Structure formats: C-alpha cells, structure tokens
Amino acid sequence: MHRKGPRFTRTLAACAVVPVVMTAAACSSESGDGGKSDSGAKSSASQGADGKDKAASLAEAAYKQLPAACKVVSSKTVEDLVPKVEDKSGKTGKSSDVSTRSSCAWKGLDTNGVDGSQFRWLSASLTRFESEEGLGSAETRAKGYFKKQVAAAAGTDGAKNVKSEPAAGVGDEATTVSYDLDKGKLGDYKQQTVVTRIENVVVTLDYNGAGLAGEKAPKASDMVKDAEKAAKEAVAAVTAANKPGASTEPSDKASGKASDEPSGKASTKPSDKASAKS
C-alpha cells in the first residue's frame, strides 16, 4: 500500500495553479488588444451613432452672407420713419468683418419752430453665424443670440413700461420690446426694438423718437408698426442677398472691431444729441 505523500500533494498544487496562470495569460492577451480597443473607443467617441464625424454632422449655415446694412431698409421707409433725415444713405457702423456683422443708423430732427420738434433714430444691426465644432450649428448659435438680444433690450437701464410681444410674420421668430426712457431735459423717449431671427442670421431693428421743446411724444403703437415694417424689409434683404447669383460683395465699407455683446442697451445713445439742435 502506497501513502499519498508530499509528491502527490505537489502534483495537486501544480494542477490548481494552471487555471490561474491561464487566466492571467488571457488577461494579459486582452490587455494587449485593449490598447487597440481603447484607441478605437477614442476614435468612436469623436463620431456620432451613425459613425460620422460630429464636426461633419453639424448642419451648414443656411445663409452665407449679409446684405449691405445701409440697404436693408428702403429709402422710402427711411424717409417715412425718420422725417428730415440727415443722410438717407445712413451711417455705417464699425465691423471687423461685414460678412458676419454689420450695422447702419439714420437720424433726423423735424423742427417746427416754437411748436417744438420731433426727433427720430433708426438702426439696423445684422449678425450671421457659422457652424463651429464646440459651439454648435449656425442656427443653434443664432437662436441663442436671439434670446440674448431680446433680454438685453428688455433689461435696458432706466426703461419704464417695458412690454415684450411676439412680432408676427417677421422672420422665423421675432419679438418686439417696447419701453419708455426718461432722458431728463431731453424728454421722454419711446423705444421700440424688434429682434428677429431668420435661419442663422439675427436682425436687431431699433427705432426711437421723442417730442422736444413742448412737442407731443410719438405714439408707441404707431412706432411699433413702423419698426416691424422696417424689420420685415431687413429680413427680406437677407433672403435676397443669399439667392443664387446674388452679389457676394457687400457695399458697406467698415473697419474696426465689432463687439460680440448684445447691442440692445446702446439703442438710445444717438438720441442724446437731439437737444443741441432743438
């Protein structure tokens, strides 16, 4: 009879170790392939569910250019909204790139002698967005800027009787912000700001006025209609500028650096100069 001695015990121990070694080898092998899997995962992370590059999946900008800002409102409309306008051709705002940001302003003072004067100021600002990885599609960026412009207009310092209402039939979405602004000796100004978005372009149309030296203040309801009419013309100008065969050379000549901040709060600044002429 043989005893199961140390030799038998060592054999059992060796057999017990084998699966562990094989498992370790298997893990080692998977780890080696894991380097490839990780790089594949990193590569797929930059792709969408359909396997396409996220950057490539961003929708292209619908509109590739802006019209000349001083041409977006017709001469007739300018004369109607700004009596005795100083310059029908308008004053071009500064911009580092008129293909993405441009503006134009008109002002006029209709003096009626001892009966007072009527002051008006009109401004059209256009901002176009491109699709950019990390920032979003052109339309998404335009939607965000649209909201900022509306909020900026409604939050103007010193604004009273603020009203914000949708503007029907103006672009893809539009809001008209109306308010009164007490400018001391210059009187009470009626301000209308129409912010509208059409695809990847945002148009901000500012229109304000005041009765000076005893003249009655203009009616806000009338100014709202006029401002929305001008905004519709601006939207139509953006569409026309992007039709096939449209000129790609904007006529506005501008220089300087444009601000990326909403311009709503600056809408009444030009009106400060009215008193000097009244």
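Model, not experiment: these values are computed from the prediction.

Further remarks concern the nonpolar core. It is characteristic of soluble globular proteins that their nonpolar side chains tend to be buried jointly. Core analysis: the largest hydrophobic core is formed by 32 residues, its most contacted members being Trp106, Leu122 and Leu205. Contributing elements (two or more residues each) for this core: α3 (75–81), β2 (101–111), β3 (117–128), β6 (188–198), β7 (201–212) and α5 (220–241). With eight residues, the top contributor of residues to this core is α5. Ignoring any residue separated from it by four or fewer positions in sequence, one finds leucine 122 in contact with Val73, Leu81, Val82, Cys104, Ala105, Trp106, Leu205, Asp206 and Tyr207. Counting 17 residues, the second largest nonpolar core, distinct from the first, contains Leu109, Trp121, Tyr179 and Val202.

Moving on, we get to the pairing of β6. Among the eleven residues of β6, ten are classified as buried, and the element is accordingly described as predominantly covered. Pairing geometry for strand β5 (residues 173–182) and β6, over ten bridges, is antiparallel. By the bridge assignment for β6, aspartate 180 is matched with lysine 190. Relative to β7, β6 is paired through nine bridges, and the arrangement is antiparallel. Residue pairing for β7: isoleucine 198 is matched across the bridge by valine 201. In textbook terms, the turn of a hairpin is the stretch between consecutive antiparallel strands, and for β6 and β7 this stretch comprises two residues, one of which, glutamate 199, has a positive phi near 55°.

Going through the model one piece at a time under the given rule, you end up with eleven salt bridges. Measuring nitrogen to oxygen at the nearest pair gives 3.6 Å for the salt bridge that ties aspartate 110 to lysine 84. With aspartate 110 in strand β2 and lysine 84 in the loop between α3 and β1 (91–92), the pair connects residues that are 26 residues apart, well separated along the chain. Salt-bridge contacts for arginine 128 lead to glutamate 130; the nearest nitrogen and oxygen are separated by 2.7 Å. A relative accessible area of 6% places arginine 128 in the buried class. Through salt bridges with shared partners, a single ionic network connects Glu139, Lys143, Asp172, Glu173 and Arg197.

This part covers the pairing of β7. Within β7, twelve of the twelve residues are buried, which leaves it mostly tucked inside the rest of the structure. Every second residue of β7 is oriented toward a common face, with Val201, Val203, Leu205, Tyr207, Gly209 and Gly211 on one face and Val202, Thr204, Asp206, Asn208, Ala210 and Leu212 on the other, all of them buried. Sheet analysis places β3 next to β7, joined by twelve bridges and oriented antiparallel. Pairing of leucine 126 across the sheet is with valine 203, part of β7.

Right, let's get into the sheet that holds strand β4 (residues 159–166). One open sheet holds the seven strands; their spatial order is β1-β2-β3-β7-β6-β5-β4, and the pairing between them is antiparallel. The sheet is open, and its two borders are formed by β1 and β4, each paired with just one other strand. Across the sheet, α5 is in contact with β3, β5, β6 and β7; its angle to β6 comes to roughly 30°.

Right, let's talk about unusual backbone geometry for a bit. Even without a glycine there, the phi angle at asparagine 161 is positive, about 55°. Tracing the sequence through the fold places asparagine 161 in strand β4. For alanine 213, which is not glycine, the phi torsion reads 55° and is therefore positive. Tracing the backbone through its elements, the reader meets alanine 213 in the loop between β7 and α5. A relative accessible area of 57% means that alanine 213 is categorised as exposed.

Reading the values: the criteria
Residues numbered from 1 in each chain as written. Predicted model: local features only at pLDDT ≥ 70, side-chain atom pairs only at ≥ 80, totals over all residues. Heavy atoms only, no water. Core = buried A, V, L, I, M, F, W, Y, C linked by side-chain atoms within 4.5 Å. Buried < 20%, exposed > 50% of the residue type's maximum accessible area, 1.4 Å probe, protein only. Helix = DSSP H or I, 4+ residues; strand = E, 2+ residues; numbered from the N terminus. Contact = heavy atoms within 4.5 Å. Pairing = 2+ DSSP bridges. Salt bridge = Lys/Arg side-chain N within 4 Å of Asp/Glu carboxyl O. Axes fitted to C-alpha atoms, helices over the stretch in contact; angles between N-to-C directions.

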